[in-house]
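If you want the building blocks of each chain, they are given just below.
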Amino acid sequence: MAGEPQDDCLFCKIVAKHVPATIVRETETTVAFRDINPQAPTHVLVIPKAHYKDAATLAAAEPALAADILREAQTVADEDKLESYRVVFNTGAGAGQTVFHAHAHVLGGRGLQWPPG
């Protein structure tokens, strides 16, 4: 069920503290942690504590929670003193989503080219 923790979800396990992560921020509704395979000097994932399979599902069900993720992305960038950064939501396997729990990638600390690849 949307919003409910899923037993087979890696990110739900991180939220529950059953799987370790390098957590950099936590709020009532979100958790932000360092990516284990960073693509930039700053590569932090910001996730909702509630389980939604992707950003589109999250935005449709809980727009305020989607906004929380974007606010936290800004805070992560501010704390890492990034003058510029990129926020990416991969939605679906064809777009590169590998963990089906909505999440934003906050990338910065190096030049980021366009298109991204």
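Going by the structure above, here's the rest.
Worth saying up front: this structure is predicted, and the values here are computed from it rather than measured. (Residues numbered from 1 in each chain as written. Predicted model: local features only at pLDDT ≥ 70, side-chain atom pairs only at ≥ 80, totals over all residues. Heavy atoms only, no water.)

Visitor: Which parts of the structure should I look at to understand the layout of surface pockets?
Guide: Gaps left between atoms are located by rolling a probe of water-molecule size over the structure's atoms. Roughly 780 Å³ of internal volume is contained in the largest pocket. As for the largest pocket, its lining consists of 33 residues, of which Asp-35, Gln-39, His-43, Asn-90 and His-105 are closest to the centre. Secondary structure elements with two or more residues in the lining of the largest pocket: helix H1 (10-15), strand S2 (30-34), strand S3 (42-48), strand S4 (85-88) and strand S5 (104-108). If you tally residues by element for the lining of the largest pocket, the top one is H1, at three residues. For the lining of the largest pocket, the per-class residue count stands at 17 nonpolar, 12 polar and four charged. (1 Å grid on protein atoms, 1.4 Å probe; cavity = no way out; pocket = protein on both sides within 12 Å on 5 of 7 lines; lining within 4 Å. Points joined across faces, edges and corners; volume = space filled by probe spheres on them. Helix = DSSP H or I, 4+ residues; strand = E, 2+ residues; numbered from the N terminus. Nonpolar A, V, L, I, M, F, W, Y, C, P; charged D, E, K, R; others polar.)

Visitor: For this particular structure, what's the right way to read the pairing of S2?
Guide: Successive residues of a regular strand alternate their side chains across the two faces of the sheet. Within S2, four of the five residues are buried, leaving the element largely enclosed by the surrounding structure. Strand direction decides the pairing type here: strand S1 (residues 23-26) and S2, joined by three bridges, are antiparallel. The residue of S2 that forms the bridge with Ile-23 is Phe-33. Hairpin geometry of S1 and S2 is characterised by an intervening segment of three residues between the two adjacent antiparallel strands. Two elements, S2 and S3, share five bridges in a ladder whose sense is antiparallel. Along S3, the bridge assignment pairs Thr-30 with Pro-48. (Buried < 20%, exposed > 50% of the residue type's maximum accessible area, 1.4 Å probe, protein only. Pairing = 2+ DSSP bridges.)

Visitor: What is the right way to read the nonpolar core from this model?
Guide: Across soluble globular proteins, nonpolar side chains show a tendency to be buried alongside one another. Core analysis: the largest hydrophobic core is formed by 14 residues, its most contacted members being Val-46, Leu-58 and Val-76. Taken together, the elements giving at least two residues each to this core come down to S3, helix H3 (63-79) and S5. Element by element, the count of residues in this core is highest for H3, at five residues. What Val-46 contacts, discounting residues up to four positions off in sequence, is Thr-30, Val-31, Ala-32, Ile-69, Glu-72, Ala-73, Val-76, His-103, Ala-104 and Val-106. (Core = buried A, V, L, I, M, F, W, Y, C linked by side-chain atoms within 4.5 Å. Contact = heavy atoms within 4.5 Å.)

Visitor: What exactly am I supposed to notice about the pattern of salt bridges here?
Guide: Close approach of charged atoms allows side chains of opposite charge to pair. With the rule as written, the count across this model stands at six salt bridges. Lys-17 is the partner of Glu-26 in a salt bridge, and the nearest nitrogen-oxygen pair spans 3.0 Å. Residue classification places Lys-17 among the partly exposed positions, given a relative accessible area of 48%. Taken together, the salt bridges that share partners define one network made up of Lys-17, Glu-26 and Lys-49. (Salt bridge = Lys/Arg side-chain N within 4 Å of Asp/Glu carboxyl O.)

Visitor: What exactly am I supposed to notice about the sheet that holds S5 here?
Guide: The strands making up a sheet associate through backbone hydrogen bonding, with each pair oriented either parallel or antiparallel. Strand order in the open sheet formed by five strands is S1-S2-S3-S5-S4, with antiparallel pairing between adjacent strands. Bordering the open sheet on either side are S1 and S4, each of which pairs with just one other strand. Put simply, the sheet's adjacent strands are angled 20° from each other on average, direction ignored. Running over the sheet, H3 touches S1, S2, S3, S4 and S5 and is turned about 155° from S3. (Axes fitted to C-alpha atoms, helices over the stretch in contact; angles between N-to-C directions.)

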